[in-house]
Every structure is written in C-alpha cells, then in structure tokens.
Amino acid sequence: MRYLCLIHLDHDAFARLSGAQCASLASECLAYRDDLQRGGQLIAAGFLQPLRAATSLRLRGADPCLDAGPCLPARDPLCGFYLIEAADLNDAIRLTAHAPSARHGCIEIRAVHGAALPLPAL
C-alpha cells in the first residue's frame, strides 16, 4: 500500500538552527531518502519551495481564482513529502519514525486511497 508522508516543520524551531545544523539536517534527510530507495520503499520524495512561493487555485464557476500563498495557514508549514510503499500503517510508521525531519516538526502519514488514476493516452 502507498502512503504519503507529509513533512511539516516547526518554523520557529527550524529558524533557530545554525547554518551548520541546517546542512547536517539536509544531509541526514538525503541519507534517509537513499536508505528508503535502497530498501525499495521509496516511490518519490521532494522538498517544497517556501510558503511565500505557493499559489492557490480555486474554481469559481468556470473561472480560476488564484491567491498568493497556501490554501490554509499552517502552524507547522508543509515543506516536503515522501511517497512510500509499505505493508500497512504500522510498517509506514516504522519507516517514517527514522525520518530526521520528524525531530523538528511533524510527519503526517496518510494512505493513498485506491489505485492511481489512469492518465489518458496522448
């Protein structure tokens, strides 16, 4: 089963990290990603641009309505994700418990419902 692990960082705690601590955390995160990949559990992973770079889209009738910023304000902003393959929720928790970013915020683990939507042929 696939699980989307959403990484939320405590902005205040993250802001207190020194440059060296940030570099160390980034290195640990890359090593964690590599471990998941070697174990065959990693499907995709990524870091997100800062909240100020977000654009939110809503449809109002047929017209798109764009807003600068995230859809919802967040105490601990979303900053990245891992899409993993795990046997069940307990396995996903076991895998995610080793994520270095969990020490500086929270990781929300959500099962991906059903099969992926098929893409139309081009």
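Data block above holds the structure.
This structure is a prediction, so every number in the text was calculated from the model and none was measured.

Colleague: What exactly am I supposed to notice about the overall build of the protein chain here?
Modeller: Assigned secondary structure in the protein chain consists of three helices and six strands. Taken from N to C terminus, the helices and strands of the protein chain fall in the order β-α-α-β-β-β-β-α-β. In terms of overall dimensions, the protein chain has a C-alpha envelope of 45 × 35 × 25 Å along the principal axes. When burial is assessed residue by residue, the protein chain has 27% of its 122 residues classed as buried. Within the protein chain, counting contacts between residues at least 6 apart in sequence, those at least 24 apart form 72% of the total.

Colleague: Can you help me understand the nonpolar core in this one?
Modeller: If you look at soluble globular proteins, the nonpolar side chains tend to sit buried side by side. Of all hydrophobic cores here, the largest spans 18 residues; its most connected members are Ile-7, Leu-36, Tyr-82 and Ile-84. The set of elements that each furnish at least two residues to this core consists of β1 (2-9), α2 (19-38), β5 (78-85) and α3 (89-96). Dropping the residues within four chain positions of it, Ile-84 is found in contact with Met-1, Arg-2, Tyr-3, Cys-5, Leu-36, Gln-41, Ile-43, Ala-92, Leu-95 and Thr-96.

Colleague: Honestly, the packing of aromatic side chains in this entry has me stumped. Any pointers?
Modeller: Any aromatic ring pair is given by two values, namely how distant the centres are and how the planes are angled relative to each other. What the rule picks out here adds up to one aromatic pair. Between the aromatic rings of Tyr-32 and Tyr-82, the centroid separation amounts to 5.1 Å while the plane-to-plane angle is 85°, which identifies the pairing as edge-to-face. Note that Tyr-32 is positioned in helix α2 and Tyr-82 in strand β5, a separation of 50 residues in sequence. In this pair, the class of Tyr-32 matches that of Tyr-82, namely buried.

Colleague: What's the story with a nonpolar patch on the surface in this structure? I'm lost.
Modeller: A contiguous nonpolar surface patch, about 320 Å² in accessible area, is contributed by Leu-57, Leu-59 and Leu-66. Tracing the sequence through the fold places Leu-57 in strand β3 (residues 55-60).

Colleague: I tried to follow the sheet that holds strand β2 (residues 42-47) on my own but got confused; where do I start?
Modeller: In a beta sheet, neighbouring strands are held together by backbone hydrogen bonds and run either parallel or antiparallel to one another. With respect to topology, four strands assemble into an open sheet ordered β2-β5-β1-β6, the strand pairing being antiparallel. A strand with exactly one partner marks an edge of an open sheet, and here the two such strands are β2 and β6 (105-111). Each strand axis lies, on average, 15° off the axis of its neighbour in the sheet, ignoring direction. Where β2 and β5 come together, five bridges link them in antiparallel fashion.

Colleague: Is there a simple way to think about the state of the cysteines in this case?
Modeller: One way to say it: the disulfide is the covalent bond shared by the sulfur atoms of two cysteines. Under the defined criterion, the tally for this structure stands at zero disulfides. Cys-22 takes part in no disulfide bond, and the closest cysteine sulfur to it belongs to Cys-29, at a distance of 11 Å. Classification of Cys-22 by relative accessible area gives partly exposed; the value is 26%.

Colleague: Please explain the side chain of His-8 as it appears in this structure.
Modeller: Mapped onto the elements, His-8 comes out in strand β1. Contact partners of His-8, with chain neighbours within four places excluded, come to Asp-76, Pro-77, Leu-78, Gly-105, Cys-106 and Glu-108.

Colleague: I keep staring at the environment of Leu-4 and nothing clicks. Help me out?
Modeller: For Leu-4, the position within the fold is in strand β1. With 67 residues separating them along the chain, Leu-4 and Cys-71 place their C-alpha atoms 19 Å apart. Look past the residues within four positions of Leu-4 in its chain and what remains in contact with it is Phe-81, Tyr-82, Leu-83, Glu-108, Ile-109, Arg-110 and Val-112.

The rules we used
Residues numbered from 1 in each chain as written. Predicted model: local features only at pLDDT ≥ 70, side-chain atom pairs only at ≥ 80, totals over all residues. Heavy atoms only, no water. Helix = DSSP H or I, 4+ residues; strand = E, 2+ residues; numbered from the N terminus. Buried < 20%, exposed > 50% of the residue type's maximum accessible area, 1.4 Å probe, protein only. Contact = heavy atoms within 4.5 Å. Core = buried A, V, L, I, M, F, W, Y, C linked by side-chain atoms within 4.5 Å. Phe/Tyr/Trp six-rings, centres within 6.5 Å; stacked < 30°, edge-to-face > 60°. Patch = residues over 30% accessible without salt bridge, like charges linked within 9 Å, V, L, I, M, F, W, Y side chains within 5 Å. Areas by Shrake-Rupley, 256 points an atom, 1.4 Å probe, with all protein chains shown as cover. Salt bridge = Lys/Arg side-chain N within 4 Å of Asp/Glu carboxyl O. Pairing = 2+ DSSP bridges. Axes fitted to C-alpha atoms, helices over the stretch in contact; angles between N-to-C directions. Disulfide = S-S within 2.5 Å.

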